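Chains, contacts and geometry: an overview
As a plain string of letters, each chain reads:
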Amino acid sequence: ETGVTQSPTHLIKTRGQQVTLRCSSQSGHNTVSWYQQALGQGPQFIFQYYREEENGRGNFPPRFSGLQFPNYSSELNVNALELDDSALYLCASSFIQGHTGELFFGEGSRLTVL
Amino acid sequence: AQKVTQAQTEISVVEKEDVTLDCVYETRDTTYYLFWYKQPPSGELVFLIRRNSFDEQNEISGRYSWNFQKSTSSFNFTITASQVVDSAVYFCALGSSNTGKLIFGQGTTLQVKP
């Protein structure tokens, strides 16, 4: 067990709604990244937060936004949900050491958009 | 552009067989990192190994071994004497030294039959 916890584990929304996913980082980690994994695909980088600021973003529209809190936990918010947003959303925490270190992943939040 | 290709979508072997999972990557960075992750049905990505671009030594960890060849941009993963518990989706990933972003391949589903 990595110590990264995500909630909720499963949820169902309808098109146009908004969703908030939560992640609690592993103790001692100050960086959190979010990935989207569509069925049968590899995870795709959404963004990363370090010291409560966005520190890199993948090819995702602005309706994907995030927050990192002083205790290093994080939220991923998705507005105006579309059917293609149905996926497993993975949170990963790490301790930036000036290079790409090991990412510790949670079990993910599986979002279904109807 | 950075890219990771895992040409094998699915592999099925019988227990105790050896199996090699292929990974080919593309990057213009001189410093980069390569990873392998295992994803069991629970969804969590389990870290297996990280190699940096300056270390081409092959590595062995129990039944697992990795062959990194810069000349062919490949980072292949071999499981010796496979076991049913090895059944999972395996992802190869590429990271740069500047960001925490990982580029994942499409994954290879390994099924080990008893």
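Above this text sits the structure in question.
These notes cover the structure that comes with them. Keep in mind it's a predicted model, so treat the numbers as computed, not measured.

**Notes on the overall build of chain A**
A count of helical and extended segments in chain A gives zero helices and 11 strands. Shown N-terminal to C-terminal, the secondary structure of chain A runs as helices and strands in the order β-β-β-β-β-β-β-β-β-β-β. The C-alpha radius of gyration of chain A comes to 13 Å, within 12% of the 13 Å expected for a compact globule of 114 residues. Along the first, second and third principal axes, the C-alpha set of chain A runs to 40 × 30 × 25 Å. Looking at chain A residue by residue over its 114 residues, the buried ones come to 50%. In chain A, the proportion of contacts linking residues at least 24 apart, taken out of those at least 6 apart, comes to 53%. Accessible area of chain A: about 5500 Å², with a carbon and sulfur share of 47%. Averaging the coordinates of the 7 positive side-chain charges in chain A and doing the same for the 10 negative ones gives two points 7 Å apart.

**Some remarks on the state of the cysteines**
Residue and element names in this part refer to chain A. Per the stated rule, a full pass over the model turns up two disulfides over all chains. Across the disulfide from Cys-23 sits Cys-91; the S-S distance is 1.8 Å. The chirality of the disulfide connecting Cys-23 with Cys-91 is left-handed, given an S-S dihedral of about -65 degrees. Taken together, the positions of Cys-23 in strand S3 (residues 19-24) and Cys-91 in strand S9 (residues 87-94) put the pair 68 residues apart, joining distant regions of the chain. Among the residues examined, Cys-23 registers a relative accessible area of 3% and is labelled buried.

**Digging into the nonpolar core**
Considering soluble globular proteins, one finds that nonpolar side chains tend to be buried as a cluster. In this structure, B:Trp36, B:Trp66, B:Phe77, B:Tyr90 and B:Leu110 are the most contacted members of the largest nonpolar core, which totals 25 residues. Looking at this core, the element that brings in the most residues is strand S10 (residues 88-96) of chain B, giving four residues. Beyond its immediate sequence surroundings of up to four residues, B:Tyr90 is in contact with B:Gln6, B:Leu21, B:Trp36, B:Tyr37, B:Lys38, B:Leu48, B:Tyr64, B:Phe77, B:Ile79, B:Gly107, B:Thr108 and B:Leu110. In this structure, A:Leu11, A:Leu21, A:Leu81 and A:Val113 belong to the second largest nonpolar core, which totals 20 residues.

**Overview of the environment of B:Gln111**
Residues and elements named next belong to chain B. Tracing the backbone shows Gln-111 in strand S12 (residues 108-113). Owing to a relative accessible area of 43%, Gln-111 belongs among the partly exposed residues under this scheme. Once the C-alpha coordinates of Gln-111 and Cys-23 are considered, the two residues, 88 residues apart in sequence, prove to be 18 Å apart. In this view, Gln-111 contacts Ile-11, Ser-12, Val-13 and Ser-87; residues no more than four positions away in its chain are not counted.

**Section: the sheet that holds S3(A)**
Residues and elements named next belong to chain A. Taking strand neighbours across the sheet as the criterion, the four strands line up as S1-S3-S8-S7 in an open arrangement whose pairing is antiparallel. Each having just a single partner strand, strand S1 (5-7) and strand S7 (64-68) make up the two edges of the open sheet. Averaged over all pairs of adjacent strands, the angle between strand axes in this sheet comes to 20 degrees, irrespective of strand direction. Pairing analysis gives five bridges linking S3 to strand S8 (residues 74-78), with the strands arranged antiparallel. Among the inter-strand pairings, Thr-20 is bridged to a residue of S8, identified as Asn-77.

**Comments concerning the pairing of strand S9 (residues 74-79) of chain B**
Within a regular strand, side chains alternate between the sheet's two faces. Residue and element names in this part refer to chain B. Counting buried residues along S9, five of its six residues qualify, which places the element largely inside the surrounding structure. Here three bridges tie strand S3 (residues 19-21) to S9, and the two strands are oriented antiparallel to one another. Looking at the pairing, Leu-21 lines up with Phe-77 of S9. The pairing of strand S8 (residues 64-69) with S9 spans six bridges and is classified as antiparallel. Bridge assignment links Asn-67 to a residue of S9, and that residue is Asn-76.

Rules used throughout
Residues numbered from 1 in each chain as written. Chains lettered and ligands numbered in written order. Predicted model: local features only at pLDDT ≥ 70, side-chain atom pairs only at ≥ 80, totals over all residues. Heavy atoms only, no water. Helix = DSSP H or I, 4+ residues; strand = E, 2+ residues; numbered from the N terminus. Rg over C-alpha atoms; globule rule 2.2 N^0.38 Å. Buried < 20%, exposed > 50% of the residue type's maximum accessible area, 1.4 Å probe, protein only. Contact = heavy atoms within 4.5 Å. Areas by Shrake-Rupley, 256 points an atom, 1.4 Å probe, with all protein chains shown as cover. Lys, Arg positive; Asp, Glu negative; His and termini not counted. Charge placed at Lys NZ, Arg CZ, Asp CG, Glu CD. Disulfide = S-S within 2.5 Å. Core = buried A, V, L, I, M, F, W, Y, C linked by side-chain atoms within 4.5 Å. Pairing = 2+ DSSP bridges. Axes fitted to C-alpha atoms, helices over the stretch in contact; angles between N-to-C directions.

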